[in-house]
Every structure is written in structure tokens, then in C-alpha cells.
Amino acid sequence: MSLSRWSARALRLEDLAGLAAVQRACYGSELLESADVFAKRIASDANCSLVLEVEGRVCAYLAAYHSRAKKVTPLHGDFDAISEPDTLYLHDMAVLSEYAGQGLARALLKLMRQRASESRLRYSGLVSVQGSEAYWKRQGYAPCELKNPAEQRNLASYGEGAVYMVCELGPVHPSQDCTTRSPCVG
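Treat the numbers as computed from the prediction; the structure is a model and nothing was measured.

Asks: I would appreciate a short explanation of the overall build of the chain in the present structure.
Replies: Assigned secondary structure in the chain consists of five helices and seven strands. Secondary structure elements in the chain, listed N-terminal to C-terminal, are β-α-α-β-β-β-α-β-α-β-α-β. Residues classed as buried in the chain amount to 48% of the 186 residues present. Counted over contacts in the chain with a minimum sequence separation of 6, partners at least 24 positions apart contribute 71%. Split by element, the accessible area of the chain, about 9400 Å² in all, is 49% carbon and sulfur.

Okay, structure coming up:
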């Protein structure tokens with residue numbers, strides 16, 4: 001299928017069954033989040049989640065919201081609206097395996113970063129799970145140590161091997177070292 005047949009749009013309540021199907025196909029049971037959790041997130045003023053669909057079928061999604069650097073949303077947590085956000089928090093991105101390698105993740109990230117730039121957000125943060133740290137490094141993210149005990153507990157909710165990562169928003173190159181400009185330095 002050609003990329004021109006894909007369409008990206010905001011995540012809506014009627015997408016929850018499709019989102020759940022993508023989630024079940026991509027994650028172990030310990031990382032699955034309920035439709036009720038996602039319904040609360042959709043209702044949040046901070047929410048900016050996207051789905052990518054083809055012929056009406058959700059085949060990828062990027063759950064995201066406006067937040068603050070070094071603030072980690074726990075697994076099953078709400079997308080809390082905060083005053084003066086500076087960070088695009090990527091909570092969850094998944095693509096059905098039958099669409100892997102077709103540029104869907106890259107398209108979602110590009111669109112989300114454009115929207116974050118329009119909102120004047122300086123950073124993007126995320127929690128890397130299931131051994132995805134190398135992928136996120138290729139996207140310009142770098143590990144970031146969390147010193148706040150509450151944020152450390154939130155990170156621990158994702159299980160062993162979860163890593164908080166951050167990147168300055170803007171053009172991203174594969175060799176970009178985000179740590180020199182990230183809120184994690186100094």
C-alpha cells in the first residue's frame with residue numbers, strides 16, 4: 001500500500017477498540033492499558049494523541065500530551081494538564097506488525113513534532129520499554145536520570161529495563177546528541 005492511502009488524525013473515543021487491538025498485538029499483557037484509561041486521556045486538555053488509519057482501520061497510534069520535562073506519567077496514569085508545559089510527552093507508540101517498515105512510526109513522529117513546535121514545546125520525553133532504547137536513540141533521544149523520587153516510582157511502574165529519555169525538539173539527525181541541549185544536563 002502506498003503512503004498516500006494513510007491518514008493521520010486525532011485519537012477519538014470511537015478509536016478505542018482499534019487502539020486496543022494494536023496495543024494487544026504489540027505489547028505484553030503487563031503493559032496493556034484499558035479503554036477507560038484512554039478515554040480519560042482523550043478527555044484531557046493536554047491530550048494530543050494521534051492515530052494512523054487505512055481504509056477506516058486503526059493500524060498505528062501515538063498517545064501523547066503536553067507536559068513538563070522530567071515528569072513521567074505512570075503506567076495507567078492520566079494525562080494531567082499543567083500550566084506552562086515545555087515537553088511533548090510520548091506515552092505510547094505502536095504499529096501493527098503487518099504495517100512495519102512502511103514509515104508509519106516515522107510519519108507519526110514527524111507530525112507530532114511539527115505540532116509540538118507550533119505549540120512552542122522545547123523538549124520531548126518518553127519511557128522506553130521492551131528494549132526499545134536503541135530505536136529511540138536513533139530518533140534523537142538520550143537517557144535522562146530522574147532525581148525526583150515520585151518520578152522514579154512512576155518510571156518503575158513500567159517494569160525492569162524502563163528508561164526515561166528526552167530530546168530537544170527540532171530537526172533530528174541520526175547522530176544528534178540530545179544530552180548537550182537537554183534538561184538532563186547540569
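Having seen it, we continue.
Asks: What should I look at first to understand the packing of aromatic side chains in this one?
Replies: What describes a pair of aromatic rings is the distance from one ring centre to the other and the angle between the planes of the rings. Applying the stated criterion across every chain yields a total of five aromatic pairs. A centroid spacing of 5.4 Å and a plane angle of 85° characterise the contact between Trp-136 and Tyr-141, whose relative ring orientation is edge-to-face. Just as Trp-136 is buried, Tyr-141 falls in that class too.

Asks: Could you clarify how one ought to interpret the sheet that holds strand β2 (residues 50-54) in this entry?
Replies: Through backbone hydrogen bonds, the strands of a sheet pair up, either in parallel or in antiparallel fashion. Sheet architecture is open: seven strands sit in the order β1-β2-β3-β4-β5-β7-β6, paired in mixed fashion. Only two strands of the sheet have a single neighbouring strand rather than two, namely β1 (6-10) and β6 (142-143). Two strands pair when backbone bridges link them, and strand β3 (residues 57-67) and strand β4 (residues 87-95) are joined in this way by eight bridges, in the antiparallel orientation. Paired with Ala-63 across the strands is Asp-92, a residue of β4.

Asks: Even after reading the chapter, I still don't get helix α5 (residues 149-156), so can you show me in this structure?
Replies: Along an α-helix, a turn takes 3.6 residues, which lines up residues three or four apart on a common side. Within α5 the residues assigned to the buried category are Glu-151, Asn-154 and Leu-155. Projected down its long axis, α5 carries its buried residues within an arc of 100°, all on one side. Every exposed residue of α5 that faces more than 90 degrees away from the buried side is listed here: Arg-153 and Ala-156. On its buried face, α5 sits against β5 (123-128) and β7 (163-168). Here α5 starts with a cap whose side-chain oxygen sits 2.7 Å from the backbone nitrogen of Ala-150, and that cap is Asn-148.

Rules behind the numbers
Residues numbered from 1 in each chain as written. Predicted model: local features only at pLDDT ≥ 70, side-chain atom pairs only at ≥ 80, totals over all residues. Heavy atoms only, no water. Helix = DSSP H or I, 4+ residues; strand = E, 2+ residues; numbered from the N terminus. Buried < 20%, exposed > 50% of the residue type's maximum accessible area, 1.4 Å probe, protein only. Contact = heavy atoms within 4.5 Å. Areas by Shrake-Rupley, 256 points an atom, 1.4 Å probe, with all protein chains shown as cover. Phe/Tyr/Trp six-rings, centres within 6.5 Å; stacked < 30°, edge-to-face > 60°. Pairing = 2+ DSSP bridges. Arc of directions from axis to C-beta. Polar contact = N/O pair within 3.5 Å; in protein donor to acceptor, adjacent residues only side chain to side chain.

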